[in-house]
Amino acid sequence: MIEVQHLTKRYGQTTAVDDVSFSVAKGEILGFLGPNGAGKTTTMRVLTGYMPATHGKATVAGYDVFEQPVEAKRRTGYLPETPPLYPEMTVHEYLTFVAAIKGVPPASRTRQVDTSMQTARVTDVAYRRCGALSKGYRQRVGLAQALLHNPEVLILDEPTAGLDPKQIIDTRELIKSLAGDHTIVLSTHILPEVAQTCQRVVIINKGRVVAEDTPDNLTASLAGVEAIYVQVDTGGGDAAPVLQGVTGVVRVVGTEARDGRFSFEVHSERGHDVRRDLVSAVVSQGWGLLELRPVRLSLEEIFLQLTMEESESDAARAASSRDSDGVASEASSAADSGAQGGNSDA
Amino acid sequence: MRNALAIARKEFRGYFTSPIAYATIGLFALIFGLMFVAFLRFFMEQSLRAGAGGQMGMGGPQTVNVNQMLIRPLLLQASVVVLFVLPLLSMRTFAEEKRSGTMELLLTSPLRDWEIILGKFFGAAGLYALMLAVTMLSVVWLFIYGNPEWRQVLAGYLGLLLLGSSFLSLGMFISNLTQNQIVACFITFAVLLLLLLLNWVAEFAGPTMREVLTTLSITEHFDDFAKGVIDTRHLVYYASFIFFGLFLTSRSLDADRWRG
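Reading the values: rules and limits
Residues numbered from 1 in each chain as written. Chains lettered and ligands numbered in written order. Predicted model: local features only at pLDDT ≥ 70, side-chain atom pairs only at ≥ 80, totals over all residues. Heavy atoms only, no water. Contact = heavy atoms within 4.5 Å. Buried area = accessible area lost by both parts, 1.4 Å probe. Salt bridge = Lys/Arg side-chain N within 4 Å of Asp/Glu carboxyl O. Polar contact = N/O pair within 3.5 Å; in protein donor to acceptor, adjacent residues only side chain to side chain. Helix = DSSP H or I, 4+ residues; strand = E, 2+ residues; numbered from the N terminus. Nonpolar A, V, L, I, M, F, W, Y, C, P; charged D, E, K, R; others polar. Core = buried A, V, L, I, M, F, W, Y, C linked by side-chain atoms within 4.5 Å. Buried < 20%, exposed > 50% of the residue type's maximum accessible area, 1.4 Å probe, protein only. Pairing = 2+ DSSP bridges. Axes fitted to C-alpha atoms, helices over the stretch in contact; angles between N-to-C directions. pLDDT = per-residue confidence, 0-100. Parallel < 35°, antiparallel > 145°, perpendicular 65-115°, else oblique. Phe/Tyr/Trp six-rings, centres within 6.5 Å; stacked < 30°, edge-to-face > 60°. Lys NZ or Arg CZ within 6 Å of the ring centre and 35° of its normal. Expected span 1.5 Å × (residues − 1). Bend = angle between axes of the 7 residues up to and from the residue. Arc of directions from axis to C-beta. Lys, Arg positive; Asp, Glu negative; His and termini not counted.

A. Representation of the interface of chain B and chain A. Across the contact, 24 residues belong to chain B and 28 residues belong to chain A. Summed over both sides, the interface between chain B and chain A buries roughly 2,500 Å², with carbon and sulfur atoms accounting for 64% of that surface. Together, E104(B), L105(B) and P110(B) form the three largest contributors to the area buried by chain B at its contact with chain A, with a combined 27%. In this assembly, chain B and chain A are joined by one salt bridge. The residue E104(B) makes a salt bridge to R45(A) at a minimum N-O spacing of 3.0 Å. At the junction of chain B with chain A, the criterion picks out seven residue pairs in polar contact (both at pLDDT 80 or more). Put simply, the parts of the chain that give the side of chain B that touches chain A at least two residues each are α1 (2–17), α4 (92–100), α5 (103–107) and α11 (232–259) of chain B. Looking at the side of chain B that touches chain A element by element, the count peaks at six residues for α1(B). Of the residues assigned to the side of chain B that touches chain A, the class counts are nine nonpolar, seven polar and eight charged.

Pasting the structure below:
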């Protein structure tokens, strides 16, 4: 439904989007994830025909956004970062105007306006001026605007930005319910949002795609290192040096020690399963092994890892596993605080 | 075309949601009315003197022509007032949409650039036409108590409409260059004054240069309309001026898009 090939956008000397390619199947929700300034909005603006790309090609619903802009726009609903409202118009007037310029035939305008107001739950403010609405309502009127002409493709730039927790949940539910009939691309920098709403994620950083997969696969396979959670009862002594001594282990991070019980996160080289060796090391010391399980990195950690790796030089990325592990553990410690922030957001 | 009309309607209504429509229409009507009264008094004096001259045997009673002595100077003065008022109408056309982010809505809707530009142009020109229509209330008195040539009045108003539309097309281009309405207003105003000054500069110029400058001068072409003459040359001039203004607007709209 959406095809983006080798898209590059430069503003003067700055490259906002650099050789980005991805595609979205019909009825799918694609999450566009990245830190602020990563090029999410620019990519969306190219997709909606707001600005042309410097290089590359984008097609929406089979129409090239540059060659056949009117056809492509007719099939696209777009919610920009700030909802494009005319403050002096009432919601109803505004949506009626939008219906006219989106090419909704006059006969079905009233019906379409009513439907979109119901879907976006703004019927109760239909005769209030847009300028007098709260942030949450503005966002929803913006959504109603995007849905108005019942487009095949919806492009939503941070649809939950500035909403309160209840509204965020409502909006996510709404977006999920729209999938199937509509193909949706949404951008966000809030990670739980992607895990909860999207079927597929494109992580973008500094204008480049750094990962593209389902949230589950990303969590499972894109971890830079494999981590194992181990809880040991040593009865007193420190277990860290012993665990560190196991071949394949690159780093041992102690999380807590209580009543002689130590909890560790053991990072190993990628593809090197150290669980067997860990068990025999613990047992040979005569300690009790209380728990041993693989740690799956959360999306936050992967995200931070990917976007921080990108900030290192390419040489560092290609360097030894020891180095990349260093980056990863920095990322995961930062991710702890990030995760808390993210959760309180949700 | 239907899209352009939808935008024109929105623009026209937009003027009335802010005080700008009431302020410009009201002020223009007031200034026009005052000028009308002033010219009317002058005209009455002239006709009395002309009548008296006849009585005193100075070559018999002279006829004073209401069209030449009242309507023509009135419309010429009005054209200057228009120059001051129209930047207030054109300033918001694009600057406001850019500032509030609604330009993103227009540019991602299935519209062609010319539909957006023509829509905005007709919206502003519509308000201007209404502004002119209100001033006709003054002129109507002449028809009640006198017998002016209505074709000349109509030609004059057509001229004012064309003149103002030219101002608007240029003002829209300037409005598209900035996000700030006030800046747009002042620059438009300055540029229009410069165009007006071409007349004065022409006074000092050599014969060839004078010809060139007066041909370019935007107000020079209005004089014939005020006299009641509809000359194709002037129609072509104003039509090309409007087209040029709108063309510049469309170019700058496109340039913005590439610049991002």
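B. Focus on the nonpolar core. Formed by 123 residues in total, the largest nonpolar core has its most connected members in F22(A), V91(A), Y94(A), Y128(B) and L160(B). Sort the elements by how many residues they give to this core and helix α3 (residues 66–90) of chain B lands first, with twelve residues. In contact with V91(A), not counting residues within four places along its chain, are M117(A), V122(A), V125(A), A126(A), R128(A), C130(A), L133(A) and V141(A). Formed by 21 residues, the second largest nonpolar core is a distinct cluster that contains L143(A), L154(A), I184(A) and L186(A).

C. View of the environment of S268(A). Within the fold, S268(A) resides in strand β13 (residues 261–268). Owing to a relative accessible area of 1%, S268(A) belongs among the buried residues under this scheme.

D. Main features of the sheet that holds strand β2 (residues 14–24) of chain A. Residue and element names in this part refer to chain A. Overall, antiparallel pairing links the four strands, which are arranged β2-β1-β4-β5 in an open sheet. Every interior strand has two partners, whereas the edge strands, β2 and β5 (63–64), have only one. In terms of strand pairing, strand β1 (residues 2–11) meets β2 through seven bridges, oriented antiparallel. Bridging from a neighbouring strand, V4 pairs with F22 of β2. Packing against the sheet, helix α1 (residues 40–47) makes contact with β1, β2 and β4 (55–60), and its axis sits at approximately 120° to β1.

E. Geometry of the pairing of β4(A). All names here are of chain A. Summarising the sheet, β1 and β4 pair through five bridges and their orientation is antiparallel. Bridge pairing in β4 links I2 to V60. What sits between β4 and β5 in their antiparallel hairpin is a turn of two residues, with A61 showing a positive phi close to 50°.

F. A look at the pattern of salt bridges. All names here are of chain B. Tallied over the full model, the rule gives 24 salt bridges over all chains. Between D113 and R257 there is a salt bridge whose closest N-O contact spans 2.9 Å. Linking D113 in helix α6 (residues 113–145) with R257 in helix α11, this pair joins segments that are 144 residues apart in sequence. Like R257, D113 is buried. Between K227 and D224 there is a salt bridge, and its shortest N-O distance comes to 3.5 Å. Of the two residues, K227 and D224 both sit in helix α10 (residues 222–227), three residues apart, roughly one turn of that helix. Here D224 falls in the buried class, since its relative accessible area comes to 16%.

G. Representation of the confidence of the model for chain A in the model. Residue and element names in this part refer to chain A. Considering every residue of chain A, the mean pLDDT works out to 80; 81% of them sit at 70 or more. No element of chain A has a lower mean pLDDT than helix α13 (residues 321–345), which averages 39, and none a higher one than helix α3 (residues 91–101), which averages 95. Note that residues 310–346 has pLDDT below 50 and, in this model, 31 contacts with residues that lie over four places away or in other chains.

H. Molecular detail of the packing of α4(B) against α6(B). Residues and elements named next belong to chain B. Contact geometry of α4 with α6 gives a least axis separation of 10 Å together with a crossing angle of 120°. By the angle class used here, α4 and α6 are oblique. Two secondary-structure elements touch here, α4 through T93, F94 and E97 and α6 through I116, I117 and K120. In the contact of α4 with α6, the residues fall into three nonpolar, one polar and two charged.

I. Structural view of the packing of aromatic side chains. Inspection of every chain in the model, using the stated rule, returns 15 aromatic pairs over all chains. Taken together, a centroid distance of 5.3 Å and an interplanar angle of 75° make the contact between Y237(B) and Y238(B) edge-to-face. The class for Y237(B) is buried, based on a relative accessible area of 14%. Through successive ring pairs, a cluster of aromatic residues spans F225(B), Y237(B), Y238(B) and F241(B). Over the face of the ring belonging to Y229(A) we find R293(A), whose NZ or CZ atom lies 4.3 Å from the ring centre. Note that K120(B) overlies the ring of F94(B), its terminal NZ or CZ placed 5.3 Å from the centroid.

J. Local environment of the sheet that holds strand β10 (residues 208–213) of chain A. Residue and element names in this part refer to chain A. If you walk across this open sheet you meet the six strands as β6-β7-β8-β3-β9-β10, and the pairing is mixed. The two strands at the open ends of the sheet, each matched to only one other strand, are β6 (76–79) and β10. In this sheet, neighbouring strand axes are inclined to one another by 15° on average, regardless of whether the strands run parallel or antiparallel. Strand direction decides the pairing type here: strand β3 (residues 29–33) and strand β9 (residues 200–205), joined by four bridges, are parallel. Bridge pairing in β9 links G31 to V201. Across the sheet, helix α5 (residues 135–147) is in contact with β6 and β7 (153–157); its angle to β6 comes to roughly 170°.

K. Seen up close, α6(B). Spanning 33 residues, α6(B) covers 49 Å between terminal C-alpha atoms, matching the ideal 48 Å at 1.5 Å per step. Where α6(B) bends most, the angle comes to about 35°, and this point is S138(B).

L. Up close: helix α6 (residues 165–178) of chain A. Residues and elements named next belong to chain A. Look at α6: 20 Å from first C-alpha to last across 14 residues, which is about the 20 Å you get at 1.5 Å a residue. Residues of α6 that are buried include every one of Q167, I168, T171, R172, L174, I175 and L178, and no others. The buried residues of α6 occupy an angular sector of 160° when the element is viewed end-on, so they sit on one face. Within α6, the exposed residues directed more than 90 degrees away from the buried face are K166 and S177. Directly beyond the C-terminal end of α6, a positive phi value near 100° is found at G180.

M. The side chain of K102(A), seen in detail. Here K102(A) shows up in the loop between α3 and α4 (106–119). No salt bridge is formed by the buried K102(A); the nearest opposite charge belongs to E104(B), separated by 11 Å. Among the polar contacts listed, one links the side chain of K102(A) to the side chain of S109(B), at a separation of 3.3 Å. Once residues within four sequence positions are removed from consideration, K102(A) is found in contact with Q145(A), H149(A), L105(B), T108(B), S109(B) and P110(B).

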